[in-house]
Amino acid sequence: MIKDIVFDFGGVLTQIDADKALERFGEIGVPHPEEYLNSYRQKGPFFSLENGDITAEEFCKELTAICGRTITYEEAKYAWLGFIVKVQEEFMEFLQQLRPRYRLSVLSNTNPFLQGWARSSEFTPCGKSLDDYFDLLFLSYRMNCSKPGEEIYRKMLLEGNMRPEETLFLDDSAKNIATARELGINVLQVGNGEDWRDTLAKVLTED
């Protein structure tokens with residue numbers, strides 16, 4: 001029986017646009033930003049930020065060195081938010097229907113710029129933050145590890161006191177899904193921006 005439902009953030013709860021993010025990083029002066037980031041995996045200081053190896057301030061300093069001009073926190077935030085097309089408000093409402101019966105969590109490769117926005121009243125038009133919809137947040141930059149490595153899943157299971165066979169994980173990355181499956185976690189792969197509500201409801205009904 002499923003007791004915990006874990007959601008990826010970008011691509012599942014929010015539709016993402018990697019091209020827009022690349023455009024914005026180029027706009028603030030990052031040369032060849034495609035060498036550092038894509039929809040699923042980051043490199044260099046971008047990966048170090050998501051993995052929690054450097055702070056937001058240190059990230060800005062590293063970008064400053066790369067760009068040859070001072071990159072402010074707000075500029076970096078503006079560029080990172082290029083990933084977000086929109087918050088799926090109808091998905092958020094669906095989560096509220098699930099919450100009385102299931103414990104809901106987020107497991108995401110993310111960073112303090114995106115989460116500073118998501119965990120504020122700016123997240124939805126109604127003024128709610130990500131925290132208002134979830135019981136637990138497992139964020140790569142706070143856990144010092146990231147998907148698709150096994151460590152972040154093992155930490156989630158341990159810290160969340162979750163049993164793999166009682167946990168269902170939704171993600172849009174095949175690699176992330178594969179690791180979760182190898183650890184005995186139930187999985188549901190969805191497409192970026194896909195409406196997964198009916199599929200999830202069916203899986204939970206069959207459980």
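What you see is a predicted model, and the numbers here were worked out from it, not measured in a lab.

Undergrad: Pulling in residues and values, what's your account of the overall build of the protein chain?
TA: When its secondary structure is counted, the protein chain shows 10 helices and seven strands. In summary, the protein chain has a C-alpha radius of gyration of 17 Å against a globular reference of 17 Å for 207 residues, a match within 12%. Taken along the three principal axes of its C-alpha coordinates, the protein chain extends 55 × 35 × 25 Å. Burial status across the protein chain gives 52% buried among its 207 residues. A separation of at least 24 residues holds for 69% of the contacts in the protein chain among residues at least 6 apart in sequence. Carbon and sulfur atoms form 46% of the exposed surface of the protein chain, whose accessible area is close to 9,600 Å². The positive charge centre, built from 23 side chains, and the negative charge centre, built from 35, are 3 Å apart in the protein chain.

Undergrad: Give me the packing of aromatic side chains: which residues, what numbers.
TA: Under the criterion given, the structure shown has 16 aromatic pairs. Each residue in the set F25, Y36, F46, F59, Y73, W80, F83 and F113 is aromatic and connected to the rest through ring pairs, giving one cluster. Its guanidinium or amino end placed over the ring of Y78, R24 lies 4.2 Å from that ring's centre, counting from NZ or CZ.

Undergrad: Break down helix α9 (residues 174-182) for me, with residues and values.
TA: Listed as buried for α9 are N176, I177, T179 and A180. All buried residues of α9 fall inside an arc of 160 degrees around its axis, so they share one side. The exposed set on the far side of α9, more than 90 degrees from its buried face, consists of K175, R181 and E182. In this structure, the buried residues of α9 make contact with α8 (150-159), β6 (167-171) and β7 (186-189). One or two residues past the end of α9 sits G184, with phi positive at roughly 85 degrees.

Undergrad: I'd like a rundown of the state of the cysteines, residues and numbers included.
TA: Evaluated as defined, the whole model comprises zero disulfides. The thiol sulfur of C60 is not disulfide-bonded, and the nearest other cysteine sulfur, from C67, lies at 10 Å. Taking relative accessible area as the criterion, C60 reaches 7% and is therefore assigned buried.

Undergrad: Go over the nonpolar core with me, naming the residues and quoting the values.
TA: With 56 residues, the main nonpolar core has F7 and W196 as its most contacted residues. Sequence-distant contacts of W196, that is, excluding residues within four places in its chain, are made with F7, V12, L13, F91, F94, L95, L170 and V190. Grouped together as the second largest cluster of nonpolar side chains are 15 residues, M143, L157, F169 and L183 included.

Undergrad: I'd like a description of the packing of helix α5 (residues 89-98) against helix α10 (residues 197-206), backed by residues and values.
TA: For any two helices packed against each other, one specifies the crossing angle of their axes together with the interaxial distance. Between α5 and α10, the least distance of the axes is 11 Å, while the angle of their chain directions is 20 degrees. Classified by the angle their axes make, α5 and α10 are roughly parallel. As for the relative orientation of α5 and α10, their crossing is right-handed in sense. Contact residues: E90, F91, F94 and L98 in α5; R197, L200, A201 and L204 in α10. Here the contact of α5 with α10 is built from residues that sort into six nonpolar, no polar and two charged.

Undergrad: Outline the pattern of salt bridges, supporting the account with residue identities and numerical values.
TA: A full pass over the atoms with the stated rule returns 14 salt bridges. One salt bridge in this structure joins D135 and R99, with 3.2 Å as the shortest N-O distance. One end of the pair, D135, is in the loop between α6 (112-118) and β5 (136-139); the other, R99, is in the loop between α5 and β4 (103-108), with 36 residues separating them in the sequence. Counted as one network, the salt bridges with shared partners bring together K3, R163, E165 and E166.

Parameters at a glance
- Residues numbered from 1 in each chain as written.
- Predicted model: local features only at pLDDT ≥ 70, side-chain atom pairs only at ≥ 80, totals over all residues.
- Heavy atoms only, no water.
- Helix = DSSP H or I, 4+ residues; strand = E, 2+ residues; numbered from the N terminus.
- Rg over C-alpha atoms; globule rule 2.2 N^0.38 Å.
- Buried < 20%, exposed > 50% of the residue type's maximum accessible area, 1.4 Å probe, protein only.
- Contact = heavy atoms within 4.5 Å.
- Areas by Shrake-Rupley, 256 points an atom, 1.4 Å probe, with all protein chains shown as cover.
- Lys, Arg positive; Asp, Glu negative; His and termini not counted.
- Charge placed at Lys NZ, Arg CZ, Asp CG, Glu CD.
- Phe/Tyr/Trp six-rings, centres within 6.5 Å; stacked < 30°, edge-to-face > 60°.
- Lys NZ or Arg CZ within 6 Å of the ring centre and 35° of its normal.
- Arc of directions from axis to C-beta.
- Disulfide = S-S within 2.5 Å.
- Core = buried A, V, L, I, M, F, W, Y, C linked by side-chain atoms within 4.5 Å.
- Axes fitted to C-alpha atoms, helices over the stretch in contact; angles between N-to-C directions.
- Parallel < 35°, antiparallel > 145°, perpendicular 65-115°, else oblique.
- Left-handed = near helix turned anticlockwise from the far one by under 90°.
- Nonpolar A, V, L, I, M, F, W, Y, C, P; charged D, E, K, R; others polar.
- Salt bridge = Lys/Arg side-chain N within 4 Å of Asp/Glu carboxyl O.

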